[in-house]
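Residue strings, one per chain:
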Amino acid sequence: MALYKKERFEIPLGTYRNKQRGKTYIYQYTDHFRSNEKGKAGHKSKVIGLLDEASGQLIPNDNYFELNSIEPRLFSEDVLSFGYTSLCNHVLADLGVVKLLKRHFPVDVANRLMACAMYCIGNETSAMNDIDDWMETAYLPYDLPLISSQGSSRLFQTVGKDVTAMHGFKRDWAEMAGKGQVVCYDVTSISSYSNLIVSVEYGYNRDHERLSQINLGMFCSESTKMPLGYVFYEGSVPDKTELPHILDLAKSMGLDDLKMMMDGGFCERACFSLLEKNTKSFTVGVPGYRALAIELAAIADKNELTLMEHMLSCKGEFGKFVPYELYGVRGRILVGFNQQMHTLETQTLSEKLTRLEKELSGLKRMPRGAKLARYGKYFTLSMDGENKLAWKRNYAAINEEARYAGFFFIFTNDPGMSAADILYFYRTKDADEKLFYQLKVYLEANRIRVHSDVAVEGKIFMLFIAQILRAKLSNDLRPLLDGHHLPLDKAMKKMANVRIKTTPEGFKLLKAPTKQQKEIYATFGHDLLKDGKRV
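Now for a look at the structure at hand.

Each value, and the rule that gives it
- Positions within a chain are numbered from 1, following the residues in the order the chain's sequence is written.
- Only residues with pLDDT of at least 70 get local features here, since the model is predicted, and only at 80 or more are side-chain atom pairs given and counted; chain-wide, interface and lining totals rely on the full set of residues.
- Only hydrogens and water are set aside when side-chain values are computed; all heavy atoms of the structure are taken into account.
- Runs of H or I in DSSP of at least four residues are treated as helices and runs of E of at least two as strands, each being numbered from the N terminus.
- Polar contacts, as used here, are pairs of N or O atoms within 3.5 Å; protein pairs need one atom able to donate a hydrogen and one able to accept it. Residues neighboring in sequence count only if both atoms are side-chain atoms.
- Two residues qualify as a contact provided that any one of their heavy atoms is within 4.5 Å of a heavy atom in the partner residue.
- Salt bridge, as used here, is a side-chain nitrogen of Lys or Arg placed within 4 Å of a carboxyl oxygen of Asp or Glu.
- Only protein chains enter the accessibility calculation, which uses a 1.4 Å probe; a residue whose area is less than 20% of its type maximum is buried, one above 50% is exposed, and one in between is partly exposed.
- In this context, the arc is that of the directions from the helix axis out to the C-beta atoms.
- One requirement defines pairing of two strands: DSSP has to find at least two bridges between them.
- Only protein atoms enter the 1 Å grid used here. Points where a 1.4 Å probe fits but cannot escape make up a cavity, open sets with protein on both sides within 12 Å along at least five of seven lines make up a pocket, and a residue lines them when an atom lies within 4 Å of a point.
- Grid points are joined across faces, edges and corners, and a volume is the space filled by probe spheres set on the points.
- Asp, Glu, Lys and Arg are counted as charged, while Ala, Val, Leu, Ile, Met, Phe, Trp, Tyr, Cys and Pro are counted as nonpolar; the rest, among them Gly, fall into the polar class.

So, on to the side chain of asparagine 413. Its place among the elements puts asparagine 413 in the loop between strand 16 (407–412) and helix 15 (419–427). Within the local environment of asparagine 413, its side chain forms a polar contact with the backbone nitrogen of phenylalanine 282, the two atoms lying 2.8 Å apart. With near-sequence residues (within four places) excluded, asparagine 413 lies in contact with Ser281, Phe282, Val329, Arg330 and Gly331.

The following block contains the structure:
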C-alpha cells in the first residue's frame with residue numbers, strides 16, 4: 001500500500017496509535033460492536049499511515065483517503081538534480097561550515113546562504129537572476145521557500161546588517177582552518193556601475209577598467225589553499241594605507257602567529273615597520289623597477305648565481321641569500337634568476353624594439369615630449385640630409401635593460417627558511433590570486449550587482465562561503481580530475497546529472513550513477529549509492 005511520504009495531514013478523530021519497531025502507526029476505527037456472548041465492546045480498524053514525529057502530523061496511505069472520502073492529490077513525479085547538491089552539503093558539513101553558520105545565524109538564513117553558494121558554483125555566476133528556477137529542479141536536504149532575485153537581495157541585506165554574526169563566523173572559521181598555517185594576503189578590485197554604494201570609489205583598478213570599485217583583500221592558507229578571511233574597503237584607499245586595519249582584523253580573527261607572504265605593493269618603510277611588530281615573520285617581493293632591485297641586479301654575477309648548487313627548482317630557477325637590512329628590518333634578500341623568464345623578457349624586448357621601429361618609419365618629423373622619451377630610450381634619433389627622420393639602435397641602453405631580465409628579489413626576515421622554501425611559499429601566494437581568478441571568472445563576481453553598502457557586505461560574505469566550498473572541491477578533486485582531463489565545472493555538471501525522482505514512497509535514483517560520478521563522490525568519503533537510498 002502506497003505511503004505518501006511527501007504529504008502531511010492533521011490526524012483525524014477516532015484514531016489510536018500503535019508503536020512497532022520504532023515506528024508509530026495511526027489506526028482509524030471503521031466499526032464498533034459488542035460481542036453476542038458476553039456483551040464485550042469491540043471494534044474494527046485500519047492503519048491509515050505513520051506519525052511524523054517532527055510535526056506531529058499524519059503521513060497518509062491509501063486507506064486515509066478512502067475512509068475519509070478525500071480525493072488523493074494528484075501526485076507529480078518530479079525529477080530533481082541530486083548528486084551535486086548532496087556532495088556540496090556533505091563538504092560544507094565536513095568542513096564545519098554548516099555548524100558555524102547555524103551557530104551565528106538563524107537556521108533559515110544559514111540554509112539560504114548555503115543554497116546561494118551552491119547555486120553560484122554550479123551555475124558559474126554570482127548573478128542571482130535564475131536561482132528560483134535552479135531551486136525548482138535541485139534537491140536540497142532542508143526545506144526552503146524559493147529564493148527569487150529580489151529575495152536574494154533581501155537575504156544579503158539581512159546578512160549584511162548582522163555584523164556580529166558575520167564577524168563571529170569569520171573569527172571561528174579562521175581559528176579552525178588557519179591554525180598553524182602560513183598565511184598569504186592579496187588584494188583585488190571589484191568594479192561597479194552603481195552610484196548608490198558609498199564604498200565604491202575610483203582608485204587603482206587591478207583589472208584596468210575605467211570604473212569605480214571596492215577593494216577586496218583576502219587571507220589564504222598556503223598549504224590548504226583555503227580562504228581564511230577577507231576585508232573590503234573603499235576603492236580609493238591604497239593597500240599600504242589599509243595595512244594597519246588588515247593586521248588588526250587578522251588578530252581579531254585569531255590569526256596570531258602570522259607568517260605573511262605579500263607582494264611588492266607593500267615594499268615600503270611604513271609597511272615593514274608594521275609587519276615587523278605584528279607578525280611572526282614576513283616575506284615581501286621587491287619590485288624590479290625599484291632602485292634596490294636594479295642595484296642588486298647590477299652587482300650580481302650571473303655566472304656564479306647559475307651554478308648548480310644554487311638551483312632552486314627544475315624550472316631553471318637559481319638563487320642565493322644575501323644578508324640585508326631593508327627599511328630598518330634585518331633579514332635576507334633572495335637574489336634569484338629565472339632562465340625561462342630571462343628568455344621571455346629578452347624576447348619581449350626584441351618584439352618591442354621591432355614595433356617601435358615600425359612606428360618610427362611612419363613618422364615624418366622629430367617626435368617631441370613623451371613620444372621623444374619613449375623612442376629616445378632605445379634609439380638615437382636625428383634628421384638626415386633629406387630632412388627625413390633617421391634612427392639607430394642604442395645598444396648600450398638596450399643591453400643594460402636586457403642585463404636585468406630574469407632577475408627577481410624577495411626580502412624575508414624569517415631566519416629558518418631555505419631559499420627553495422622562500423621561493424615556494426612566495427609563489428604559492430598565487431593561491432590568493434587563483435582564488436580571485438575563480439571569483440571573477442568562474443563565479444562572475446567581477447561586478448558587484450547589488451546597490452547598497454549593506455547588501456554588498458552580505459553578498460561578499462555569501463561569496464566567501466562559495467569560495468570556501470569551491471576551494472575544497474578543487475583542491476581535493478585535483479588529482480582525480482587531472483587524470484580524467486576534466487575541469488571542475490564539468491565535473492560538477494556531471495554530478496548534477498545524478499538525479500532522483502519523487503515517488504509516493506519517497507525518492508529513488510533515476511538511474512545508476514557512472515563510475516566517474518561515484519569516484520568524485522567517494523573522494524570526500526561518502527557513498528553515492530547509499531546516500532541515494534537514504535533520501
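So, next bit.
Looking now at the pattern of salt bridges. All told, the structure shown has 12 salt bridges when counted by the stated rule. Linking aspartate 52 and arginine 8 is a salt bridge whose minimum nitrogen-to-oxygen distance equals 2.9 Å. A residue pair is termed long-range when its members are at least 10 positions apart, and aspartate 52 in strand 3 (residues 41–52) and arginine 8 in the segment before strand 1 (15–20) qualify at 44 residues. In this structure aspartate 52 comes out as buried when scored by relative accessible area, which is 15%. Arginine 374 is the salt-bridge partner of glutamate 359, the closest N and O atoms lying 3.1 Å from each other. Remark: arginine 374 occurs in helix 13 (residues 369–376) and glutamate 359 occurs in helix 12 (residues 339–361); sequence separation between them is 15 residues. In this structure arginine 374 comes out as partly exposed when scored by relative accessible area, which is 41%. Shared partners join several salt bridges into a network, and the residues in it are Arg103, Arg171 and Asp172.

Now for helix 10 (residues 291–299). If you check which residues of helix 10 are buried, you get Leu292, Ala293, Leu296 and Ala297. Angular distribution of buried residues about the axis of helix 10 spans 130 degrees; they occupy a single face of the element. Facing away from the buried surface of helix 10 by more than 90 degrees, the exposed residues are Ala291 and Ile299. Packing partners of the buried residues in helix 10 comprise strand 12 (317–326), strand 13 (329–338) and strand 16.

Moving on, we come to the pairing of strand 7 (residues 212–221). A regular strand carries its side chains on alternate faces of the sheet. The element strand 7 is largely enclosed, with a buried count of 10 among its 10 residues. Two elements, strand 7 and strand 8 (residues 227–234), share 7 bridges in a ladder whose sense is antiparallel. Looking at the pairing, phenylalanine 219 lines up with glycine 229 of strand 8. The loop that links strand 7 with its antiparallel partner strand 8 comprises 5 residues; one of these, lysine 225, has a positive phi angle of about 60 degrees.

Of the pockets and cavities examined, the second largest pocket occupies roughly 710 Å³. Listing elements by their share of the lining of the second largest pocket, those giving two or more residues are helix 10, helix 12, helix 14 (395–403), strand 16 and helix 15. Here the lining of the second largest pocket takes 6 residues from helix 12, the largest share from any one element. When its residues are assigned to classes, the lining of the second largest pocket shows 16 nonpolar, 6 polar and 5 charged.

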